[in-house]
Amino acid sequence: MKKKTVRTRFAPSPTGFMHVGSAYQALLDYAFAKKNQGKFILRIEDTDQKRKVPGAEKKIYQALEWLGLEPDESPQKGGPFAPYRQSERLKIYRQYAEKLVKEGKAYYCFCSPQRLEKVRRQRQRQGLPPMYDGHCRHLPPSQVEKNLREGKPFVIRLKVPRNKKIVVNDLLRGEIVFDSNMVDDQVLIKSDGFPTYHLASVVDDHLMEITHVIRGEEWLSSAPKHILLYQYFGWEPPVFVHTPILRNPDRSKMSKREGHTSLFWYKKEGFLPEALLNFLALLGWSHPQQKEIFSLKEFISLFDLKDVSPLGPVFDLRKLEWMNGEYIRQMDDEELGRRLKEFLPRLKEEQVKKAAPLVKERIKKLKEAEELLAFVWEDIDYPKELLLQRGTDKDTAILMLKEAKKIVEEKWGKIEEIRDGLLSLIKEKDWNTGAFFMVFRVAICGKTITPPIVESLELLGKERVIERINAALEKLKT
RNA sequence: GGCCCCAUCGUCUAGUGGUUUAGGACAUCGCCCUCUCACGGCGAAAACCGGGGUUCGAAUCCCCGUGGGGUCACCA
C-alpha cells in the first residue's frame, strides 16, 4: 500500500489579527509536514460574514512570511485543490449538505432565532444542556416543500443519532468516547447560505486530502460532530491532534484581554521570529538533549507530534525575552545592524552599524536599543548633581572633564588610544576609575546607564562630544 | 451546572516501575568579573495535588477525591 503524503493545514479566520496561539498552530503544522516531506496548506476560513475584516487576510500572509513558515498551497499561491478560500467554495458545501438531507442525515430547520432562544432558556431552567429540541427534525416532507417554496428562511442541521457512542481518536489522548445525546444537532448551513466551520472544515479537509488535523484543544468537544460527518459521508477521517492551548499566567486561555496575544506586538517589540519560533517549539515539547536554543531546521528534524504534551502551558514572556537576547547575542554585528535599522529611525545607517555591537549584549528586544541610544539624537538635560558621581567633588569633576577633553580632542578617531590615554590619566592623577568614567559618562550622555562610553563617542561625533563636555563644565561652574 | 481534557520547582519541562539525595532552562537570591548597565562564570533556594490500591519496589500503572482548563451559537 502506498503511503499517503502527509498534508497539514493552517486554517485561520480573517478576523483582523493574528494570535500567537495561531502562530503556534502554524508552527506545528509546518514542522510536522516538513518532517514527513509533506505539504503545508494555508486555507482561509472566511465563512462568517459578520466577523470578516477587510485586510485581515493580508495580515495572515504577512505573519507567515515574517515567521518564515511558507505554505506550499494557499489562496495566493494556488495549488491542486484550489480555491483555498472557503467563501469561494459555497456551492461545494451546499451540495454536500443537500446530499446529507437526501439521505436523511441532515434536515431543514425553519425555527426562528427567537424560538431557539426560548428553547434554550427553557431547557436551562430544567437543568438540561441548552441544545436544540429537534422541533424540525420530523417535519413532513410536504411541509418542508411548502416552506421552501414560500421562501421561508432556513438552516440545515445535522441529524445526530440518539443513544450512540461517538468515539474520537486523538493522537495525544487516545480514544475519547462521547455520548451522542450530548451532541447538538449542529447547524451545517446557515440561513445566509454560508456553511458553519463544522461542515466546511470536514468537507475541505477531505477534499484537500488533509491527513493530520492539528488544531487547538478548544475543538475537542466539537470533534464528535466532525467524526459523525465523516461517518455520514463514508470518508476516512484524518488523524486528529488537539494541541494544548496557550495560557495566561492565571492559567486561563490566552485571550485578547490579558497579556500580549497579537503576533504583531512581538514583531513591534523587536522579538526575532526565529526566537519566537524556538520558544513556541519548547511549549509542550522538549529537545531530546535538553537543548534550549535550536533552529527551526533542527526542530523539524527532531519533532514528532506524538511527543507533544497535552498540558496547556503558560506563556512565559520572560523566558521568551531571555531567548530573544540569546539570539541577538549570537547574531553577527552586520545582521544585527540590519535588523536594528527599523527600530532606530533617527540614526544614519553608518551609526546603526556602529551601534550594533555596543547594544548587542545589553538588549533583549530590538526595541530596547532605542532607549539605550537616545542620547545620540536627544538633547540631554540633567541636574548638575548627577555629574558628581561616587562622591566626586566639584573641583575634581571639573579637572576630570578638562583633562578628558584634551585627550579626546587629541586622539579623536582612535578609540584604543583614547581609552589608553584616559586610563593612564586616571592612574597619574590617582583617581578612582569607576568614578572618573561615571562623571565622563554623565557629561556625554546625561545619564548613568549607557553603552561603553569610550566606544560610544564616535556615535556622537567629535564636535558634539566637545560641546557636551563644555556644557558639563559650564554646569559645574555655576 | 452537564460533558470532555489535564495535573513534577513560581514558569517551561526531563523522567515512561528500581540507575533519583527527582535532572535542565527561565525567573529569584548570593558571590566573582567589571567604567555604568549588561554579558559571562560560580553557587543557593525551589516540585512529584491528596487518599486509596497494584507491586518486593511507584513521580512513573489503576480507582476515587481535589484543583485547573476547555466547551456547551445560524463564531471560528
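Residues numbered from 1 in each chain as written. Chains lettered and ligands numbered in written order. Predicted model: local features only at pLDDT ≥ 70, side-chain atom pairs only at ≥ 80, totals over all residues. Heavy atoms only, no water.

**Some remarks on the environment of P288**
Phase 1 of the analysis: Relative to the assigned elements, P288 resides in the loop between helix 9 (273-281) and helix 10 (296-302).
Phase 2 of the analysis: For the pair P288 and W66, spaced 222 residues apart in sequence, the C-alpha separation works out to 27 Å. (Helix = DSSP H or I, 4+ residues; strand = E, 2+ residues; numbered from the N terminus.)

**As for the environment of I214**
Phase 1 of the analysis: Looking at the secondary structure, you find I214 in strand 8 (residues 212-216).
Phase 2 of the analysis: Of the residues examined, I214 reaches a relative accessible area of 2% and is grouped as buried.
Phase 3 of the analysis: Along the backbone, I214 and L171 are 43 residues apart, and their C-alpha atoms lie at a distance of 9.7 Å.
Phase 4 of the analysis: The contact partners of I214, leaving out residues within four places of it in the chain, are T8, R9, Q25, L28, D29, F32, V241, T243 and L305. (Buried < 20%, exposed > 50% of the residue type's maximum accessible area, 1.4 Å probe, protein only. Contact = heavy atoms within 4.5 Å.)

**A look at the packing of helix 17 (residues 433-445) against helix 19 (residues 462-477)**
When two helices pack together, their arrangement is given by the angle between their axes and by how far apart the axes lie.
Phase 1 of the analysis: With their axes 8 Å apart at the nearest point, helix 17 and helix 19 run at an angle of 110° to one another. Overall, the two elements helix 17 and helix 19 adopt an arrangement that is roughly perpendicular. As helix 17 packs across helix 19, the resulting crossing turns out to be right-handed. Packed against helix 17, whose contacting residues are F440, A443, I444 and C445, the element helix 19 presents V465, R468, I469 and A472 at the interface.
Phase 2 of the analysis: Taken together, the residues of the contact of helix 17 with helix 19 sort by class into seven nonpolar, no polar and one charged. (Axes fitted to C-alpha atoms, helices over the stretch in contact; angles between N-to-C directions. Parallel < 35°, antiparallel > 145°, perpendicular 65-115°, else oblique. Left-handed = near helix turned anticlockwise from the far one by under 90°. Nonpolar A, V, L, I, M, F, W, Y, C, P; charged D, E, K, R; others polar.)

**With respect to the domain arrangement of chain A**
Phase 1 of the analysis: Taken domain by domain, chain A comprises domain 1 (7-86 + 247-307), domain 2 (89-243), domain 3 (331-376) and domain 4 (384-477).
Phase 2 of the analysis: Of note, the centres of domain 1 and domain 2, computed from C-alpha atoms alone, are 27 Å apart.
Phase 3 of the analysis: Residue-level contacts link 23 residues of domain 1 with 27 residues of domain 2.
Phase 4 of the analysis: Interface area for domain 1 against domain 2, summed over the two sides, is near 2,100 Å², with a carbon-plus-sulfur share of 53%.
Phase 5 of the analysis: Broken down residue by residue, the surface that domain 1 buries against domain 2 is led by R7, R9 and Q86, which jointly contribute 28%.
Phase 6 of the analysis: At the junction of domain 1 with domain 2, the criterion picks out three salt bridges.
Phase 7 of the analysis: Of the charged contacts in the structure, one is a salt bridge between R43 and D204, with a shortest N-O distance of 3.8 Å. (Domains from an automatic or database assignment. Buried area = accessible area lost by both parts, 1.4 Å probe. Salt bridge = Lys/Arg side-chain N within 4 Å of Asp/Glu carboxyl O.)

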